[in-house]
Amino acid sequence: MNSASQNQRLILLLLVLAICVASNSNAATLPCQPCAGIRTEDPQKLIPGLLELPRLSEDSRLYLAWPVLLDGTAAAETVGAVVTSGSVPWLDLQFTTPPPLLGNIELLESQLAAAASQASAAGSRGHFQISWHPTEPVDPETWAKEYAFLLKRAAVVVTGAQPGARVITQALEARPDLLSKLYSEEIAAYVDGIALAPSEAYTIEATLDLLNDLDPGKPVFLDSLPYPGHPEEILADAAQQSVVGFALTLFQAPAGSAPELLPLKIMAEEFQGDLSYDPYSTPQGSNDTEAWSFVRGEDLSLRVIVRHGSREEPIKIEFSDSHLRGPIRVDLKSGNALGMYGGIRSEQGFELKWQSESSVTLLRLDRLTAEEIEGIEGLDEQVTVTSERHLPVEEILRRLQAVEDAQSRRLSTYQAVNTTHLRFQLGVQGIEVTFQGEIFFRQGEAYDWAWQDLYLNGLRWRGKRLPEVPLIEPKRAANLPLEILFTKDYSYRLRGTALIDGRDCWVVDFQPQVSESVKSLFRGTVWIDRQLFNRVRSKAVQLGLTGEVISNEETLFYAPFDETGQLSEPAADRIWLPNRVVSQQIWSLFNTATVVEKEMKLTNVIINSDSFEQRRQELMASKVTMVRETEQGLRYLVPDKETGKRVVKMKNDPSRLFFAGGVFHDDSFNYPLPLAGVDFFSLDFKGSGAQVNALFAGVLLIGNIADPTFLGSKFDAGADLFLVAPKFSNTVFKNDREIFKEELLERPARLNFSVGHKLGNFFKLNGTYSLLYVDYSPSDNTGEDFVVPVDHFTHSVGLQGSFNRSGYRLRLNGEIATRSNWEPWGLPESSDYEPEDKDFSRWGASLAKTFHLSGFKKAGFELRYVDGENLDRFSKYEFGFFSDLFIHGYQMERVRAESAWVLNTSYGFEMGELFRLQLIGDGALATDEDADLDQEFLGGIGVAGTVIGPWQTIVRLDLGAAVAGPDDGFTIFLMFLKLYK
């Protein structure tokens, strides 16, 4: 006989011995091992979960126990629902007859009748537990005698009504003296199982030994253990109790909620039939690893439960049997069978490794046949078992984790030049702020970043030190997806494959498994190289955001670097870094959804440099502005007043004060409008969380206040004020001629209130109330017979929706308005005044996009459509610098329209690092019956420039000229801005 045959016979002998040993235990009489069930106060709460896929099969055994009152209430509906769910009904019959039982026979008989009715309704699979909870105290000395009588009497009734019923005792204390008293009352012939309450291990062991002597082969049930916080622990707990000697373990469902049932259902499926505990096939692992193997009699295959706890390193177990094969891991979150590979077979046995986010793993293993064993005689010392298949998502992510873990061990530091662009999308021109400097990454530490250069719209800041700007960042996610150890915060789904940046990739979607109200997490997609298992790209939307940042979507582009920091061809030994990050954020600033596009690029990468720390410390000791990544986002690193060393400044100053000056001119004013004053700006006014901005420029006052988390809610609320001191002209064009005798002077004042709320991640809805007061007076040109409108208030309520995605900005808005006082105005012979114009409505839509090109160049457009009803001279849309619609060169309060299409375009570029030029073209198709405009083209061109002036001032110049349509004006806007504090 050769060695392979000897090994095969030895394995079979050990298996037979294991089965024989197991058949002598108390746990051998149920068609499952280990067996488990759940005890609940209300089974109806569990039925929906039991009916979910995967459903329990006919042969599976999941026991569902619940208390049944013997008050005549029929249980047929509940029992039917339990049976339909595939569970085995376990009815805990609640007898309440007080002692002595024979002295209260009438009540006892009524409860026995109810028990018979319950048994008839339960069917042949029903299990009946006889529990006694008398309404009066029982003498401990007589309890065993009284209960034994009830037990035997009830067993007779129940099995009479349902011959296939099984009768079990109530959960008894694990006391040998109590069990001895009960068995002395000759209960053995009347019960099909003994239930014990949990107790100390030594007490349980003594009680089981006694029961094995008193009633050999009678199954013993553990009733009941607390339902574990991690449902997969049920498998390990049931296996552990099965080895102790319990045929079944019931777990108590938590009160008030339905627990996660899937691991329990999986266990019922996997451990049905003829299984026995096999100590000879139980694997060995590390000190914190427990394992239990159960062998199936029909094919000698194994079901193995491993409790290992959550860990970063892979779980490893070793079987002494080298003839195991075909390892499969059963996913306890889905029930799916996941093929495993990488098992190592040697003469000493069979070794398995895997990564798991749960604390318990369920394995299936087959055995080699005799012929297969003959075929592998002369086996090499170590053989890796592999197979070709479509990888499950768990295996893909495990490999990704392994690759990134290996990379983290090779990568201790890297440094690079980081260039981050913040592009604020405001109209067609926008503002771009760029920070550039060296960034330092240390494994396991937060990165530090030196802001060595600042660019405003491509112009280099000329000051000796960079201004300390307020830092606005999204709330840090509670947990990031695809970390080295996955948490239960996320679920993952393999969507398929795709070609990304020339690499064949797996496409894996991830999403949170917990509510956004609990924590901020991400939802998105990651593309993983199918050959190397590196991340190639990831795209995610952050959920559950609060505060100023209400939306954050980012895409990370990964690239391979060699050991010198140079971009290289993909290979297993390369370092993959996110060398480009593109994101879109939506900030709630003064009740407006402000879109900020962010782009980060890494250049001049240096990996594992010997001079890394020396260079970092040089910058730390310099006067350059530095920031550090923290749990709260970026924070400034500032010198400590005592030590001089840099420390994190956790509380940034949210307030800034600017000196503002300039001039504005168009022909609606009799003279250029001087602007001189201050602008105060705060994102957290006096620690209240409120946003405040106040611009006082002599003749002009603009104020804003907003709370992005109004009263601690997810709503924002605020108000803004606009006041102008001088009056300006309000004129009329008809047939391309200005009607001077209808000219007026007016001074408006406006107060707006707004409440907003985001819907989803890219849409924001705002409700507004506006109060406008206008002071009208005649000008030098006003005709004597022209009736000036009365001063009045205009009340309007409106709704605005904004959608922002991929840089595109869509706005929809509408408002209805009414005037407080509306009396006849105008020339006596005109029909300008209409009483119904007291109430009017306006609505519109816009679409905008800014395209950012290389070298700080950018092009943008905004297309708008506006319309309304009952619009007159004072409610129509106007074209002007501070008006509803903007056409460069058009003066305020001159040209109006009832409806219009408007297109604003711009192209900007910087000339060196000193001057930025913006070329602007505006056009509109305007319709206004009173002015004889029928889709008439209005055109204007403009030039805007920005200069970083002396004394760290920002100078903004905007010139506009009308080139088509009824207006031939020219506008000038010049503004100086100086940061004071």
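Not measured: the values here are computed from a predicted model.

Engineer: For this particular structure, what's the right way to read the overall build of the protein chain?
Structural biologist: If you tally the helices and strands in the protein chain, you get 12 helices and 54 strands. In summary, the protein chain has a C-alpha radius of gyration of 40 Å against a globular reference of 30 Å for 981 residues, an excess of more than 25%. Summarising its shape, the C-alpha atoms of the protein chain cover approximately 120 × 75 × 60 Å along the three principal directions. Across the 981 residues of the protein chain, 52% fall into the buried class. Contacts in the protein chain between residues at least 24 apart in sequence constitute 63% of all its contacts with a sequence separation of at least 6. With the model as given, the accessible surface of the protein chain reaches about 43400 Å², and the carbon-plus-sulfur share is 55%.

Engineer: Explain the pairing of strand β21 (residues 448-451) here, please?
Structural biologist: Moving residue by residue along a regular strand, the side chains alternate between the two faces of the sheet. Burial of the side chains of β21 extends over both faces: D448 and A450 are buried on one face and W449 and W451 on the other. One ladder, built from 2 bridges, connects strand β20 (residues 431-442) with β21; its direction is antiparallel. What sits directly across from I439, in β21, is W449. Connecting β20 to the next strand, β21, in antiparallel fashion are 5 residues, including G444 with a positive phi near 80°. The pairing of β21 with strand β31 (residues 625-630) spans 4 bridges and is classified as antiparallel. Note that in β31 the partner of D448 across the bridge is R628.

Engineer: Looking at this model, I keep getting lost on the packing of helix α5 (residues 140-161) against helix α6 (residues 176-184). Mind explaining?
Structural biologist: Packing of α5 against α6 brings their axes to within 9 Å, and their N-to-C directions diverge by 45°. Compared by their axis directions, α5 and α6 come out oblique. Crossing geometry of α5 relative to α6 is assigned as right-handed. Across the interface between the two elements, E141, W143, A144, Y147 and A148 of α5 pack against L178, K181 and L182 of α6. Class assignment of the residues belonging to the contact of α5 with α6 gives a composition of 6 nonpolar, no polar and 2 charged.

Engineer: When you look at the environment of V866 in this model, what are you seeing that I'm missing?
Structural biologist: With respect to the secondary-structure elements, V866 resides in strand β47 (residues 858-869). In this structure, the C-alpha to C-alpha distance between V866 and L959, residues 93 residues apart in sequence, is 25 Å. Once residues lying within four places of it in the same chain are set aside, the contact partners of V866 are W843, G844, Y877, L885, E898, S899 and A900.

Engineer: Looking at this model, I keep getting lost on the state of the cysteines. Mind explaining?
Structural biologist: In protein structure, a disulfide is the covalent linkage between the sulfur atoms of two cysteines. One pass over the structure, following the stated rule, counts 1 disulfide. Two residues share a disulfide in this structure: C32 and C35, whose sulfurs sit 1.8 Å from each other. Handedness here is read from the sign of the S-S torsion; for C32 and C35, about 125°, the answer is right-handed. C32 sits in the buried class, given a relative accessible area of 2%.

Engineer: Looking at this structure, how should I read the environment of I328?
Structural biologist: Position of I328 among the secondary structure elements: in strand β13 (residues 324-330). For I328, a relative accessible area of 26% translates into the label partly exposed. Note: C-alpha distance between I328 and E746 (418 residues apart in sequence) is 82 Å. Non-local contacts of I328, meaning those with residues more than four positions away in its chain, are made with A337, L338, M340, L362, L363 and R364.

Engineer: Please clarify how the nonpolar core should be interpreted in this entry.
Structural biologist: Side chains of nonpolar character tend, in soluble globular proteins, to be buried together. Formed by 82 residues in total, the largest nonpolar core has its most connected members in I38, L93, F95, I130, Y147, L196 and I305. The element that contributes the greatest number of residues to this core is α5, accounting for 10 residues. Core analysis: the second largest hydrophobic core is formed by 46 residues, L411, W461, L589 and A706 among them.

Engineer: Could you clarify how one ought to interpret the side chain of E743 in this entry?
Structural biologist: In this structure, E743 sits in the loop between β41 (737-738) and β42 (744-759). Summary of buried charges: E743 has no salt-bridge partner, and the nearest side chain of opposite charge, R894, is 5.7 Å away. Looking at E743, its side chain comes within polar contact range of the side chain of S779, at 2.7 Å. Residues within four places of E743 in sequence aside, it is in contact with S729, N730, T731, E738, S779, N781, T782 and R873.

Engineer: Help me out: how do you make sense of helix α4 (residues 105-122) in this one?
Structural biologist: Think of an α-helix as 3.6 residues a turn; residues three or four steps apart then line up on the same face. Relative to the 26 Å expected for 18 residues at 1.5 Å per residue, α4 spans 25 Å between its end C-alpha atoms, a close match to the ideal helical length. For α4, the complete set of buried residues consists of L108, Q111, L112, A114, A115, A116, Q118, A119 and A122. Residues of α4 that are buried sit in contact with β2 (62-69), α3 (76-84), β3 (88-95), β4 (127-132) and α5.

Engineer: Just checking my understanding: could you explain helix α12 (residues 612-621) for this structure?
Structural biologist: Inspection of α12 places F612, R616, L619 and M620 among the buried residues, and these make up the whole buried set. Down the axis of α12, the buried set is contained in an arc of 105°. They therefore lie on one face. Relative to its buried face, α12 has exposed residues pointing more than 90 degrees away, namely Q614 and A621. In this fold, the buried residues of α12 make contact with β19 (413-425), β20, β21, β31, β32 (633-639) and β33 (646-649).

Engineer: Help me out: how do you make sense of the sheet that holds strand β14 (residues 337-339) in this one?
Structural biologist: The pairing of strands in a sheet happens through backbone hydrogen bonds and is either parallel or antiparallel. Here we have 6 strands laid out as an open sheet, ordered β9-β10-β11-β17-β13-β14, and antiparallel in their pairing. In this open sheet, the two strands that pair with only one neighbour each are β9 (275-277) and β14. Strand after strand, the sheet turns through a mean of 30° between neighbouring axes, direction not considered. Where β9 lies against strand β10 (residues 290-296), 3 bridges are found, and the strand directions are antiparallel. Bridge pairing links Y277 to F294 in β10. Sitting on the sheet, helix α9 (residues 262-270) is in contact with β9, β10, β11 (302-307), β13 and β17 (360-367), with an inclination near 20° to β17.

Engineer: I would appreciate a short explanation of a nonpolar patch on the surface in the present structure.
Structural biologist: Together, F803, Y808, L810, L812, L847, F851, L853, Y907, L919 and V943 make up a nonpolar patch on the protein surface, roughly 810 Å² of accessible area in all. With 3 residues, strand β45 (residues 808-819) is the single largest residue contributor to the nonpolar patch. In this structure L812 comes out as partly exposed when scored by relative accessible area, which is 46%.

Engineer: Can you walk me through the side chain of D237 in this structure?
Structural biologist: By the secondary structure assignment, D237 is in helix α8 (residues 233-244). Classification of D237 by relative accessible area gives buried; the value is 17%. Beyond its immediate sequence surroundings of up to four residues, D237 is in contact with P228, F251 and R307.

Engineer: Help me understand the confidence of the model for the protein chain in this model?
Structural biologist: If pLDDT is low for a region, its predicted coordinates should not be looked at in detail. Per-residue pLDDT for the protein chain averages 84, and the proportion of residues at 70 or more is 90%. Predicted confidence for residues 1-28 stays below pLDDT 50, and this span has 49 contacts to residues more than four positions away or in other chains. Low pLDDT (under 50) marks residues 376-389, which in the prediction has 27 contacts with non-local residues, meaning those over four places away or in another chain.

Engineer: Please explain the pattern of salt bridges as it appears in this structure.
Structural biologist: When the charged atoms of two side chains lie near each other, side chains of opposite charge can form a pair. Applying the stated criterion across every chain, the model contains 40 salt bridges. A salt bridge links R153 to E109; the shortest N-O distance between them is 3.4 Å. Here R153 is found in helix α5, whereas its partner E109 is found in helix α4, with 44 residues between them in sequence. Here K876 makes a salt bridge to D930, at a shortest N to O gap of 2.9 Å. Placement of K876 in the loop between β47 and β48 (877-878) and of D930 in the loop between β51 (915-928) and β52 (933-949) is noted, with a sequence separation of 54 residues between them. Classification of K876 by relative accessible area gives buried; the value is 4%. On the accessibility criterion, D930 (40% relative accessible area) is partly exposed. When salt bridges that share partners are traced, they join R423, E432, R580, E599 and K601 into one network.

The rules behind these values
Residues numbered from 1 in each chain as written. Predicted model: local features only at pLDDT ≥ 70, side-chain atom pairs only at ≥ 80, totals over all residues. Heavy atoms only, no water. Helix = DSSP H or I, 4+ residues; strand = E, 2+ residues; numbered from the N terminus. Rg over C-alpha atoms; globule rule 2.2 N^0.38 Å. Buried < 20%, exposed > 50% of the residue type's maximum accessible area, 1.4 Å probe, protein only. Contact = heavy atoms within 4.5 Å. Areas by Shrake-Rupley, 256 points an atom, 1.4 Å probe, with all protein chains shown as cover. Pairing = 2+ DSSP bridges. Axes fitted to C-alpha atoms, helices over the stretch in contact; angles between N-to-C directions. Parallel < 35°, antiparallel > 145°, perpendicular 65-115°, else oblique. Left-handed = near helix turned anticlockwise from the far one by under 90°. Nonpolar A, V, L, I, M, F, W, Y, C, P; charged D, E, K, R; others polar. Disulfide = S-S within 2.5 Å. Core = buried A, V, L, I, M, F, W, Y, C linked by side-chain atoms within 4.5 Å. Lys, Arg positive; Asp, Glu negative; His and termini not counted. Salt bridge = Lys/Arg side-chain N within 4 Å of Asp/Glu carboxyl O. Polar contact = N/O pair within 3.5 Å; in protein donor to acceptor, adjacent residues only side chain to side chain. Expected span 1.5 Å × (residues − 1). Arc of directions from axis to C-beta. Patch = residues over 30% accessible without salt bridge, like charges linked within 9 Å, V, L, I, M, F, W, Y side chains within 5 Å. pLDDT = per-residue confidence, 0-100.

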